[in-house]
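A look at the structure
This is what each chain is made of:
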Amino acid sequence: MELRCTDQTPSAAAFKTLYDSTGWGPRERGEPFYAEALAGSWCCCAVWHGDTLVGFGRVISDGRLHAFVTEMIVEPAWQQRGVGRTVLQALLARCQAAGITDIQLFCAEGKTGFYERHGFVARAPSRPGMQYVADAT
Ligand SMILES: CC(C)(COP(=O)(O)OP(=O)(O)OC[C@H]1O[C@@H](n2cnc3c(N)ncnc32)[C@H](O)[C@@H]1OP(=O)(O)O)[C@@H](O)C(=O)NCCC(=O)NCCS
């Protein structure tokens, strides 16, 4: 069976199954939580093997200035087979078609090589990316 790549947002159920494969978030989060999150996407790329979502990525964006690539996930058994590349290239093409030049992401541990091969570079230490941490102070 061949893989099918689409820009349609997957169901929250399919996304939750894939998301839970990463161990990133509490499994107790229900499908409505993910449905609301997915509804805020600017664009998506979903890769299906039959009825199974095996790869996904999305962009959150204002559609003009900034784009943030997130939830890049390939089901473990499908990793190292080019699915992630397909997803990322589709997302980058959408951003570039819209003329967005500021395309950012947060890189998971051990994944810098993957993103570097697709044109991403780490920000300079003098202008790092930052994120709010509620109990940091
Ligand atoms: C990061 C992630 C999305 C990459 O997806 P992937 O499908 O494994 O990516 P690809 O197969 O396109 O590329 C991965 C590697 O496989 C290699 N590869 C690609 N096609 C291949 C093939 N047909 N045969 C063998 N190797 C191949 C590539 O050279 C690439 O090497 P690199 O990582 O050193 O660049 C995936 O590892 C993942 O979901 N990880 C868990 C969640 C996560 O950490 N997400 C990232 C958040 S920032």
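Residues numbered from 1 in each chain as written. Predicted model: local features only at pLDDT ≥ 70, side-chain atom pairs only at ≥ 80, totals over all residues. Heavy atoms only, no water.

Under the annotation held in an unreviewed UniProt entry, the protein carries the name GNAT family N-acetyltransferase and is attributed to Rubrivivax gelatinosus.

This next bit is on the site of the ligand. Close contacts around the ligand come from 19 residues, with Val74, Gly82, Gly84, Arg85 and Arg117 the closest. Take Gln80: an N or O atom from its main chain is 2.8 Å from an oxygen atom of the ligand. Between Gly84 and the ligand, the recorded distance is 2.8 Å, taken from a backbone N or O atom to an oxygen atom. Relative to its unbound accessible area of 930 Å², the ligand is 72% covered by the protein chains. Of the residues in the shell around the ligand, the class split is 10 nonpolar, five polar and four charged. (Near = heavy atom within 4 Å. Polar contact = N/O pair within 3.5 Å; in protein donor to acceptor, adjacent residues only side chain to side chain. Areas by Shrake-Rupley, 256 points an atom, 1.4 Å probe, with all protein chains shown as cover. Nonpolar A, V, L, I, M, F, W, Y, C, P; charged D, E, K, R; others polar.)

Let's shift gears to the UniProt feature "domain: N-acetyltransferase" (unreviewed entry) in the protein. Under the present numbering, the feature "domain: N-acetyltransferase" (unreviewed entry) in UniProt falls on residues 1–137. With 28% helix and 25% strand, residues 1–137 has end C-alpha atoms that lie 52 Å from one another. (UniProt positions renumbered as here; feature names shortened; annotations may be inferred. Helix = DSSP H or I, 4+ residues; strand = E, 2+ residues; numbered from the N terminus.)

With that out of the way, let us pick up the pattern of salt bridges. Close approach of charged atoms allows side chains with opposite charge to pair. Under the defined criterion, the tally for this structure stands at three salt bridges. Residue Lys16 is joined to Asp20 by a salt bridge in which the shortest nitrogen-to-oxygen separation is 2.9 Å. You can see Lys16 and its partner Asp20 sitting in helix α1 (residues 12–20), four residues apart, about one turn around the helix. Note on accessibility: Lys16 and Asp20 belong to one class, buried. A salt bridge links Arg58 to Glu71; the nearest nitrogen and oxygen atoms lie 2.8 Å apart. Within this pair, whereas Arg58 is found in strand β3 (residues 52–61), its partner Glu71 is found in strand β4 (residues 66–74), the two being separated by 13 residues in sequence. Accessibility assignment for this pair places Arg58 and Glu71 in one class, buried. (Salt bridge = Lys/Arg side-chain N within 4 Å of Asp/Glu carboxyl O. Buried < 20%, exposed > 50% of the residue type's maximum accessible area, 1.4 Å probe, protein only.)

Judged by how many residues are buried, β3 sits mostly within the fold: seven of 10 residues are covered. Note that strand β2 (residues 43–49) and β3 share seven bridges and pair antiparallel. Directly across from Val47, in β3, lies its bridge partner Gly55. Here β2 folds back onto β3, and the loop between the two strands holds two residues, one of which, Gly50, carries a positive phi near 60°. Taken together, the six bridges between β3 and β4 define a ladder with antiparallel strand orientation. What sits directly across from Ile60, in β4, is Phe68. (Pairing = 2+ DSSP bridges.)

What follows deals with the nonpolar core. Membership of the largest hydrophobic core comes to 21 residues, with the highest contact counts inside it found for Val69, Leu91 and Ile103. Among the secondary structure elements, those contributing two or more residues to this core are β2, β3, β4, α3 (83–97) and β5 (102–105). If one sorts the elements of this core by residue count, α3 sits on top with six residues. If sequence neighbours within four positions are ignored, Val69 has contacts with Arg58, Val59, Leu88, Leu91, Ile103, Gln104 and Leu105. Ranked by size, the runner-up nonpolar core spans 13 residues in total, among them Leu38, Cys44, Leu53 and Phe56. (Core = buried A, V, L, I, M, F, W, Y, C linked by side-chain atoms within 4.5 Å. Contact = heavy atoms within 4.5 Å.)

Bringing the sheet that holds strand β1 (residues 3–6) into the picture now. The strand order across the open sheet built from five strands is β1-β2-β3-β4-β5, with neighbouring strands paired in mixed fashion. In the strand order of this sheet, the two ends are held by β1 and β5, each with one partner. Averaged over neighbouring strand pairs, the angle between their axes works out to 20° when direction is ignored. Here α3 sits on the sheet in contact with β1, β2, β3, β4 and β5, set at roughly 165° to β4. (Axes fitted to C-alpha atoms, helices over the stretch in contact; angles between N-to-C directions.)

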